[in-house]
Amino acid sequence: MNDNTFIYGKNAIIEALSNGDREFNKIYISENIRSDEKLELIKYKAKSAGIVYQFVNKEKLAQIVQTTQHQGVVAQLSPVKYEELEAFIKNHSNELTSVIIADGIEDSHNLGAMIRSAVCAGVKGIIIPSRRSVLINSTVEKTSAGAVNRISVIKVNSLVNAVQILKESNYWVIASDHHAVDNYCDIDYTNMSFALIMGAEHTGISRSLMKLADFRVKIPMLTNFNSLNVSNATAIILFESVRQKLNKKKRMS
């Protein structure tokens, strides 16, 4: 079906969950499977580790792994290890830091391109939700040209909670919103740690996150054409922050 990494079969998944040396994105469980001791153990270990499991039809599982010998359970693995938000904040507490918050990005190529731009712009972390969003897979890794291995990737159950934690840690929250009054270049990015929220093309940033933003900014357009691709918009905003920082450094030298 795609180039993600999957393991399947109850024993294989239990072993991987028990060892703790593999990073899980999600576990898919057949809607038709009869519950047994091994399945309940998988669900228990997944829940304890904060791993999302989702019930799907058995045809979906066969399509994913190209075999019917999956025993009703398939796990999608991540090529990178996710970092805890609290640990990230602590590790960067003595510096001005920027992070990207990817709200509902569903296209692996977009997420990979966003990560590539983020690393080039000196962004230290990207935060993604564990549900209703693409997670880090091999397509993201390839599209990012390996940049996923040079940035902290933080997977959280609630973006709202993550934003609140960032605000409590003195991060300023910027939301990209094409309805905003202020332009993206009107903000001084040089004197603050900031979190930039980027929403999916079709739905944009969720209302609950938008309410938490300290700044709402837009990228001005000369036509009434639809808004930019999210990865392009991310790059434009991030490299304005780079431009400002380089100019400030030049003035101080």
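Counting starts from 1 at the beginning of each chain's written sequence and moves along it residue by residue. Given that the model is predicted, a residue must reach a pLDDT of at least 70 before its local features are reported, and side-chain atom pairs must reach 80 or more before they are shown or counted; all residues, however, enter totals for whole chains, interfaces and linings. Hydrogen atoms and water are omitted, and side-chain values are computed over all heavy atoms in the structure.

Caption draft 1: Broad picture of the overall build of the chain. Strands here are runs of E lasting at least two residues and helices are runs of H or I lasting at least four, both read from the DSSP assignment and numbered beginning at the N terminus. Within the chain, the secondary structure is distributed over 9 helices and 11 strands. The atom set for the radius of gyration is the C-alpha atoms, and the globule formula is 2.2 Å times the number of residues raised to the power 0.38. For 253 residues, the compact-globule estimate of 2.2 N^0.38 gives 18 Å, and the C-alpha radius of gyration of the chain, at 20 Å, lies within 12% of that figure. For the chain, the spread of C-alpha atoms along the principal axes amounts to about 65 × 45 × 35 Å. For every residue, the accessible area obtained with a 1.4 Å probe (protein chains only) is divided by the maximum for its type, and the residue is called buried under 20%, exposed over 50%, and partly exposed between those limits. Evaluated residue by residue, the chain yields a buried proportion of 49% over its 253 residues.

Caption draft 2: Spotlight on the sheet that holds strand 3 (residues 52-56). Here, a strand pair is defined by DSSP locating no fewer than two bridges between the strands. With mixed pairing, the 4 strands of this open sheet are ordered in space as 1-4-2-3. Looking along the sheet, the strands with just one partner apiece sit at the ends: strand 1 (5-8) and strand 3. Put simply, the sheet's adjacent strands are angled 25° from each other on average, direction ignored. Strand direction decides the pairing type here: strand 2 (residues 24-30) and strand 3, joined by 5 bridges, are parallel. Across the sheet, Ile 29 pairs through a bridge with Phe 55, a residue of strand 3. Residues count as neighbours in contact if any of their non-hydrogen atoms are within 4.5 Å of one another. Between N-to-C directions, angles cover 0 to 180 degrees, with each direction set by a line fitted to C-alpha atoms, over the stretch in contact for helices. Sheet contacts for helix 2 (residues 37-48): strand 2, strand 3 and strand 4 (73-77); angle to strand 2, the most-contacted strand, approximately 150°.

Caption draft 3: Representation of the pairing of strand 2. Most of strand 2 sits inside the fold, with 7 of its 7 residues counted as buried. Relative to strand 4, strand 2 runs antiparallel, the two sharing 5 bridges. Paired with Ile 29 across the two strands is Val 73, which belongs to strand 4. Throughout, right-handed denotes a crossover for which the path from the first strand over the helix to the second runs clockwise when the strands point away from the viewer. Regarding the hand of the β-α-β motif, the stretch spanning strand 2, helix 2 and strand 3 is right-handed.

Caption draft 4: Focus on the sheet that holds strand 5 (residues 98-103). The strand order 7-6-5-10-8-11-9 describes an open sheet built from 7 strands, whose pairing is parallel. Edge positions in the sheet fall to strand 7 (152-156) and strand 9 (182-183), since each has one partner strand and no second. Examined bridge by bridge, strand 5 and strand 6 (residues 125-129) share 3 bridges and lie parallel to one another. Considered in strand 6, the bridge of Ile 100 is made with Ile 126. Packed on one face of the sheet, helix 5 (residues 108-120) meets strand 5, strand 6 and strand 10 (193-199) and runs near 170° to strand 5. Running at roughly 160° to strand 5, helix 7 (residues 159-168) makes contact with strand 5, strand 6, strand 7, strand 8 (171-176) and strand 10 of the sheet.

Caption draft 5: Region of the structure containing the packing of helix 5 against helix 9 (residues 230-252). Packing of helix 5 against helix 9 brings their axes to within 8 Å, and their N-to-C directions diverge by 10°. As judged from the angle between their axes, helix 5 and helix 9 are roughly parallel. Taking contact as the criterion, the partners of Asn 110, Ala 113, Met 114, Ser 117, Ala 118 and Cys 120 in helix 5 are, on helix 9, Val 230, Ser 231, Thr 234, Ala 235, Leu 238 and Phe 239. Ten residues, namely Ala, Val, Leu, Ile, Met, Phe, Trp, Tyr, Cys and Pro, are considered nonpolar, four, namely Asp, Glu, Lys and Arg, are considered charged, and the remaining ones, Gly among them, are considered polar. Tallied by class, the residues present in the contact of helix 5 with helix 9 amount to 8 nonpolar, 4 polar and no charged. Should an angle lie under 35 degrees it is considered roughly parallel, over 145 roughly antiparallel, and from 65 to 115 roughly perpendicular; all remaining angles are considered oblique.

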